[in-house]
2 protein chains.
Amino acid sequence: MSKAVFYHAGCPVCLDAEQVLVTYLDSSKIEPEIVHLGTDRERIAEAEKAGVKSVPALVIDDNVYHINYGASLEDVKG
Amino acid sequence: MSKAVFYHAGCPVCLDAEQVLVTYLDSSKIEPEIVHLGTDRERIAEAEKAGVKSVPALVIDDNVYHINYGASLEDVKG
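Residues numbered from 1 in each chain as written. Chains lettered and ligands numbered in written order. Predicted model: local features only at pLDDT ≥ 70, side-chain atom pairs only at ≥ 80, totals over all residues. Heavy atoms only, no water.

## Some words on the overall build of chain A
Applied cut-off: Numbering of helices and strands runs from the N terminus; a helix is a DSSP stretch of H or I covering at least four residues, while a strand is a stretch of E covering at least two. Restricting the calculation to C-alpha atoms gives the radius of gyration, and the globule rule supplies 2.2 Å times the number of residues raised to the power 0.38. Throughout this description, buried means an accessible area under 20% of the type-specific maximum (1.4 Å probe, protein chains only), exposed means over 50%, and partly exposed covers the range between. Here, residues are in contact when the closest pair of their heavy atoms is within 4.5 Å.
Within chain A one finds three helices and four strands. In sequence order, chain A lays out its α and β elements as β-α-β-α-β-β-α. On C-alpha atoms alone, chain A measures out to a radius of gyration of 11 Å, which is about the 12 Å that the 2.2 N^0.38 rule sets for 78 residues. In terms of overall dimensions, chain A has a C-alpha envelope of 35 × 25 × 20 Å along the principal axes. Buried positions account for 47% of the 78 residues belonging to chain A. Counted over contacts in chain A with a minimum sequence separation of 6, partners at least 24 positions apart contribute 63%.

## Quick look at the interface of chain B and chain A
Reports often express the size of an interface as the amount of accessible area lost when the parts come together. Stated formally: Salt bridges, as used here, are contacts in which a Lys or Arg side-chain nitrogen is within 4 Å of a carboxyl oxygen on Asp or Glu. Any N or O atom pair separated by 3.5 Å or less is treated as a polar contact, with the protein-specific requirement of one donor-capable and one acceptor-capable atom, and with residues adjacent in sequence counted only for side-chain atom pairs.
Contacts between the two partners involve 20 residues from chain B, matched on the other side by 20 residues from chain A. Where chain B packs against chain A, one counts zero salt bridges. Inspection of the chain B/chain A interface yields twelve residue pairs in polar contact (both at pLDDT 80 or more). Within the residue set of the side of chain B that touches chain A, elements represented by two or more residues are helix 1 (12–21), strand 3 (54–60) and strand 4 (63–72) of chain B.

## Here's the deal with helix 1 of chain B
As a reminder, the rule being used: What the arc covers is the set of directions going from the helix axis to the C-beta atoms.
Burial in helix 1 of chain B covers these residues: Cys-14, Ala-17, Val-20 and Leu-21 of chain B. Axial view of helix 1 of chain B: buried residues confined to an arc of 150 degrees, hence all on one face. Those residues of helix 1 of chain B that are exposed and aimed more than 90 degrees away from the buried face are Pro-12 and Gln-19 of chain B. Contacts made by the buried residues of helix 1 of chain B are with strand 3 (54–60) and strand 4 (63–72) of chain A together with strand 1 (2–8), strand 3 and strand 4 of chain B.

## Comments concerning the pairing of strand 2 (residues 30–36) of chain A
To keep it simple, the criterion reads: Think of it this way: DSSP has to see at least two bridges between two strands before they count as a pair.
Looking at chain direction, strand 1 (residues 2–8) of chain A and strand 2 of chain A are connected through seven bridges and run parallel. Bridged to Ser-2 of chain A within strand 2 of chain A is Ile-30 of chain A.

## Looking at the pattern of salt bridges
Oppositely charged side chains are able to pair whenever their charged atoms sit close together. Residues and elements named next belong to chain A. Overall, the coordinates contain ten salt bridges over all chains when judged by the stated rule. Its salt-bridge partner being Arg-43, residue Glu-33 comes within 2.7 Å of it at the nearest N-O pair. Here Arg-43 lies in the loop between strand 2 and helix 2 (44–50) and Glu-33 lies in strand 2, a separation of ten residues in the sequence. On the basis of relative accessibility, which here comes to 22%, the residue Glu-33 falls in the partly exposed class. Taking the relative accessible area as the measure of exposure, Arg-43 reaches 19% and is therefore buried. Across the pair Arg-43 and Glu-46 runs a salt bridge, and its minimum N-O distance is 2.9 Å.

## Comments concerning the pairing of strand 1 of chain B
So the rule is basically this: Handedness is read with the strands pointing away from the viewer; a crossover is right-handed when the path from the first strand over the helix to the second is clockwise.
Of all seven residues making up strand 1 of chain B, six are buried, and the element is well covered by its neighbours. Running through helix 1 of chain B, the crossover from strand 1 of chain B to the neighbouring parallel element strand 2 (residues 30–36) of chain B is right-handed.

## Quick look at the relation of the copies chain B and chain A
Which entries qualify depends on this criterion: All copies are superposed by least squares; the fitting set is the C-alpha atoms of residues with a pLDDT of at least 70 in both.
It takes a turn of 180 degrees to lay chain B on chain A, together with a shift of 0.0 Å along the axis; the resulting RMSD is 0.0 Å. When the rotation and shift are considered jointly, the pair of chain copies conforms to a two-fold rotation axis. The overlap is high: 100% of the interface residues of chain B also sit at the interface in chain A, so the same surface is used on both sides.

Here it is as structure tokens:
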């Protein structure tokens with residue numbers, strides 16, 4: 001099964017994308033994980049390594065999908 | 001059932017997003033439609049009205065998700 005990691009930072013754009021998009025992923029084909037980089041700060045490096053430039057972003061296998069624009073990863077790092 | 005309209009224009013970023021993301025949508029919850037604005041040019045106005053600014057974009061109900069960036073809608077209009 002593929003894994004989808006949804007990285008966000010609690011921003012309104014992030015929460016909207018999470019609620020709508022993650023809801024519609026097929027749980028028989030893909031296992032979604034939601035990562036809040038504002039609280040799970042030790043995972044920022046992992047997101048960066050995966051190619052995430054801004055949040056919200058969905059990483060499926062090796063593919064990064066930046067969905068709309070909430071904040072840059074630099075802003076999340078603070 | 002909700003409807004997801006995936007607007008694209010044949011660009012590499014579009015095709016990648018289509019193959020990976022649309023594949024993982026739950027077909028029991030959402031009915032995906034793929035619209036190629038390069039060939040279905042009469043649907044450009046519909047995409048614009050829905051709020052699409054660039055392709056690829058996924059419109060689910062009233063929500064527009066711009067996924068990465070292939071081309072602006074202005075470029076698609078030519």
